[in-house]
Amino acid sequence: MRALTLVGITILATGVVSAGIVVGCENQHLAQQQAVSGGGGSGNLGASASIQQLMKERGLREADVTAALKTYVPTGKMDEYYLFTSGGQSGNVNVIGVPSMRILKVIGVFSPESWQGWGYGGDSNKIIEKGAQGPHRLYWADTHHPNLSEMKGDYDGKFLFINDKANARVAVVDLEDFSTKQIVANPLAASDHGGTFVTPNTEYVIETSQYPAPLGREYAPLDQYKDKYRGVVVFWKFDRTKGRIDPAKSWAIELPPYTQDLADAGKLDSDGWAYINSLNTELATGGTLQGKPPIESGASQNDMDYLHVINWKKGEELVNAGKTKTIAGMRVLPMDVAGAEGVLTLVGEPKSPHGCDVTPDGKNVVVGGKLDTHVTLYDTAKMKSLIEQKKFEGKDIYGLPVMGFKDAVTGQVEIGLGPLHTVFDDKGNAYTSVFIESVVAKWSTKDLKKPVEKLKVHYNIGHITAAEGDTVSPDGKYVVAMNKMSMDRFLPVGPLFPQNFQLVDISGDKMQLLADLPIGNSEPHYAQMIKADKLKPLKVYKPGTNPYTDQIDPNRVEGGKERIVKNGNKVEVFMTAIRSHYVPDQIEVDEGDDVTLHITSLESAEDQTHGFTIDMYNVHVSLEPGKHDNISFKADVPGTFPFYCTEFCSALHLEMAGYLLVKPKQH
Ligand code: K7E
Ligand code: CUA
């Protein structure tokens, strides 16, 4: 009987392979029926014969079948991990279940997301508008590095932060309702990259500039690059009780105009420190039209760039002692002060580094080299003592102390062509993404020998992420290879190809490729993977909650209290939504009136969502159970405009509608 059951499972798995890859769910049922009849009818022989046959028909190897078994999550069963990935140029965040690789949600962050009514006339607009840089409202972003909030160096499942590389901004997402709560615009930097990275108790969210520019984006000609252009690292103070960044308590350190790249915060032994790599210490500024070399070659002259080693706890003390100057409204610790006080120290790092990853024990920083075949491990304790004893090898052109490379490193590992990012498991192994070679290289942090294994991934892997990988206690189990290219992997969709995520099982001695997930909405950069049971998401909102303020909205509407209040040319409509009608459902205003609709959903049952839109007014909100939103617009076009519910909420969903009548002015 046991053998029979086992066979049944295997057949089921084979059926799944067919469902997942080509055919569709009807065939999955078919396969299950065959499995049952095969197992029950002719016993072992018939069953395994039909598996063999299916495998043969579909060209599957045994490894394919085990991969399917390892990733298949039957309907109604939950995934083990959440994967939060940057949405790259989509400006948003993708949420994916692991190991099934099913897409669970796209969270609207910097870019309007119409399904959620994010950025279409409700109060979410106010959050997006706070992210304006100068006079420009911004409706997109290039998101790179999502980072989960931590307590004692472990993900706590409360918040997610993410940066916008293009416009130097940081967003806060609350994981209670998977909704964006805040966007802060960096007043100093003109772009960012080394961020977001949190300190071990989420005291700070770190954001480092990328392309140097005068702080505050002042004008300065490029021949003044050395003197006027600067990098900067901002320590955004996070207020955990409010769930918001507090810009007034945030501060920054001025950095030399080396193109700062990636960053990570120290942990355990190295708590209190942060590390930022850089490129273009040559200060190349291009000039291709004038016949000068482009930045790419100008920036690749020196053998060494600089890892920036930052004592942020000391920096915080100096900031509190008033050693700052204020630029664009933010307190900035000047570079010379930071250098003299041991807050900012440099050490060489091999050619065009990328990746900057602190090991789980906090003892090493691993830096890859795009034009080098090694990763370099820096010893955090050695660097700390060199800085304490002021044992330096020299100074850079700005007078910043530089430690000796040999004094600071633990060692190097010869990885291959183009090592980028490194993540860790629970057994002392590291996994480095190797871009040019298109492999995941597994190596041991204990002996620093050559990789013990390389797994082909398809193709050109950028970032890589591991289960609980950035914490003090990674889980092992899975890594996800985040590949930039996917030619020949999927059905063609034109010249813009999807990215390709590949799930890899790292629990055994050998890595096993389990599944592909084409990402068709963005080019994700980084992702983090958190144990699903650490999150406690809400199922419904407390009645009248405005999720964009986290308060019971002062304009919340209770059943029976609906009304229309007209005051001069201001019209306020206090409205409710419940299956399957709005009260009121007839609204008449005069052309030119300023209209505000305060809408509360009176629903309290799970998954009973309504929506609201008005013809032509570019308005759309999503009304989850208990939610309140406020929609403001000018009734500038006279006419007749139906409004309706955009979510198929009930059998009478199509009847959930009403009219906005805008009476023309008497001319
Ligand atoms: Cu390598 Cu922005 Cu982290 Cu892209 S970065 S891959
Ligand atoms: Cu409410 Cu459809």
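Residues numbered from 1 in each chain as written. Chains lettered and ligands numbered in written order. Predicted model: local features only at pLDDT ≥ 70, side-chain atom pairs only at ≥ 80, totals over all residues. Heavy atoms only, no water.

1. Considering the sheet that holds strand β5 (residues 154-164)
Read across the sheet, 4 strands follow the order β4-β5-β6-β7 without closing on themselves; strand pairing throughout is antiparallel. Every interior strand has two partners, whereas the edge strands, β4 (147-151) and β7 (179-185), have only one. Averaged over all pairs of adjacent strands, the angle between strand axes in this sheet comes to 30°, irrespective of strand direction. Looking at chain direction, β5 and strand β6 (residues 169-174) are connected through 6 bridges and run antiparallel. Bridged to N163 within β6 is V170. (Pairing = 2+ DSSP bridges. Helix = DSSP H or I, 4+ residues; strand = E, 2+ residues; numbered from the N terminus. Axes fitted to C-alpha atoms, helices over the stretch in contact; angles between N-to-C directions.)

2. A word on the environment of T445
On the secondary structure map, T445 appears in the loop between β26 (439-444) and β27 (453-456). Classification of T445 as partly exposed rests on a relative accessible area of 26%. Separated by 15 residues in the primary sequence, T445 and A430 place their C-alpha atoms 6.3 Å from one another. Apart from residues no more than four positions distant in its own chain, T445 is found in contact with F424, G428 and A430. A polar contact is formed between the side chain of T445 and the backbone oxygen of G428, at a distance of 2.7 Å. (Buried < 20%, exposed > 50% of the residue type's maximum accessible area, 1.4 Å probe, protein only. Contact = heavy atoms within 4.5 Å. Polar contact = N/O pair within 3.5 Å; in protein donor to acceptor, adjacent residues only side chain to side chain.)

3. Description of the site of ligand 1
Contacts to ligand 1 come from H144, H145, H193, L262, H354, H421, G462, H463, K484 and H525. Here the residues of the shell around ligand 1 sort into 1 nonpolar, 8 polar and 1 charged. (Near = heavy atom within 4 Å. Nonpolar A, V, L, I, M, F, W, Y, C, P; charged D, E, K, R; others polar.)

4. Here we look at the environment of P294
Turning to its location among the elements, P294 is positioned in the loop between β13 (273-279) and α7 (295-298). Overall, P294 belongs to the partly exposed group, its relative accessible area being 31%. Sequence separation of P294 and A284 is 10 residues, and the distance between their C-alpha atoms is 8.1 Å. Once residues within four sequence positions are removed from consideration, P294 is found in contact with G286 and T288.

5. A word on the side chain of S352
With respect to the helices and strands, S352 occurs in the loop between β17 (344-350) and β18 (353-358). The buried category is assigned to S352, whose relative accessible area is 8%.

6. Overview of the domain arrangement of the protein
Taken domain by domain, the protein consists of domain 1 (193-360 + 384-411) and domain 2 (551-663). Put simply, the middle of domain 1 and the middle of domain 2, counted by C-alpha atoms, are 49 Å apart. (Domains from an automatic or database assignment.)

7. What to know about the packing of aromatic side chains
One pass over the structure, following the stated rule, counts 20 aromatic pairs. With a centroid separation of 5.4 Å and an interplanar angle of 90°, the aromatic rings of Y582 and F612 are classed as edge-to-face. Separated by 30 residues along the polypeptide, Y582 in strand β37 (residues 581-583) and F612 in strand β40 (residues 610-614) bring together distant segments of the chain. Summarising the burial analysis for this pair, Y582 and F612 share the class buried. Through a chain of ring-to-ring contacts, the aromatic side chains of Y204, F235, W251 and W312 assemble into a single cluster. Its end group placed over the ring of Y204, K237 keeps NZ or CZ at 4.8 Å from the ring centre. (Phe/Tyr/Trp six-rings, centres within 6.5 Å; stacked < 30°, edge-to-face > 60°. Lys NZ or Arg CZ within 6 Å of the ring centre and 35° of its normal.)

8. Thoughts on the nonpolar core
In this structure, V233, F235, I253, I310 and L344 are the most contacted members of the largest nonpolar core, which totals 31 residues. Listed in part, the 26 residues of the second largest apolar core include A577, Y582, I614 and M656. (Core = buried A, V, L, I, M, F, W, Y, C linked by side-chain atoms within 4.5 Å.)

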